[in-house]
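Working through the structure, step by step
Here's the letter readout for the chains.
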Amino acid sequence: MPLFAVGLSYSGIATRLATWRIWRRHRRAYRQLRPLWSVLHAAFPESTLYAGTPAAPWREALHVRRMHRRYYRRVIECRDGLVRLSPHLTAVGLREGAPPETVATLLPRALAAQAAGEPATSRAVGIILPAKDTLNADAQQLTTVSRSLSAPPPVRAP
């Protein structure tokens, strides 16, 4: 009888553990994307996706589906902002295929140029494109930009 009960509950427990791992990874990436998202959201507030009415903060943080939706929404909004800003990024010297750290370095100048109303010198180009064509790979690239953006600049010794 105990072996039968373990056999019945095993698949449910394994599914819950896998769901918890994915939830934890998405929650961590969601938080890491905040610096990039806040800069791009300030520049392009009209590209914010509809989030619905928020629930209580503690319920919002623990609800699995809502966390996934917020994660996907933040990744899409960050990518959208970078696509809209890409003509200004190329105008300040970014080349296609540049590493995420370079994008983070040039991002403030491109945002300043966009805010000043300077005309973009080119059309939108692909920047920090992931190796795989998945949302998680895209999120990893955006997280690298966000971490580089929020990291303090290195101190150079005289």
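Conventions used here
Residues numbered from 1 in each chain as written. Predicted model: local features only at pLDDT ≥ 70, side-chain atom pairs only at ≥ 80, totals over all residues. Heavy atoms only, no water. pLDDT = per-residue confidence, 0-100. Helix = DSSP H or I, 4+ residues; strand = E, 2+ residues; numbered from the N terminus. Salt bridge = Lys/Arg side-chain N within 4 Å of Asp/Glu carboxyl O. Buried < 20%, exposed > 50% of the residue type's maximum accessible area, 1.4 Å probe, protein only.

1. A word on the confidence of the model for the protein
Looking at the protein, pLDDT values average 84 and 87% of them are 70 or higher. No element of the protein has a lower mean pLDDT than helix α3 (residues 57-62), which averages 65, and none a higher one than helix α2 (residues 34-43), which averages 92.

2. Structural notes on the pattern of salt bridges
Working definition: two side chains of opposite charge can pair if their charged atoms are close together. In this structure the tally under the stated criterion is 2 salt bridges. A salt bridge links Glu 46 to Arg 84; its shortest N-O distance comes to 2.8 Å. Taken as a pair, Glu 46 in the loop between α2 and α3 and Arg 84 in helix α4 (residues 64-91) lie far apart in primary sequence, 38 residues in all. Take Glu 46: its relative accessible area is 53%, and that puts it in the exposed class. Accessibility expressed as a relative area gives 37% for Arg 84, which makes it partly exposed. A salt bridge links Arg 79 to Asp 138, with the nearest nitrogen and oxygen atoms 2.5 Å apart. Residue Arg 79 is located in helix α4, and its partner Asp 138 is located in helix α6 (residues 135-150); the two are separated by 59 residues in the primary sequence. Arg 79 sits in the buried class, given a relative accessible area of 15%. Under the relative-accessibility criterion, Asp 138 is labelled buried at 11%.

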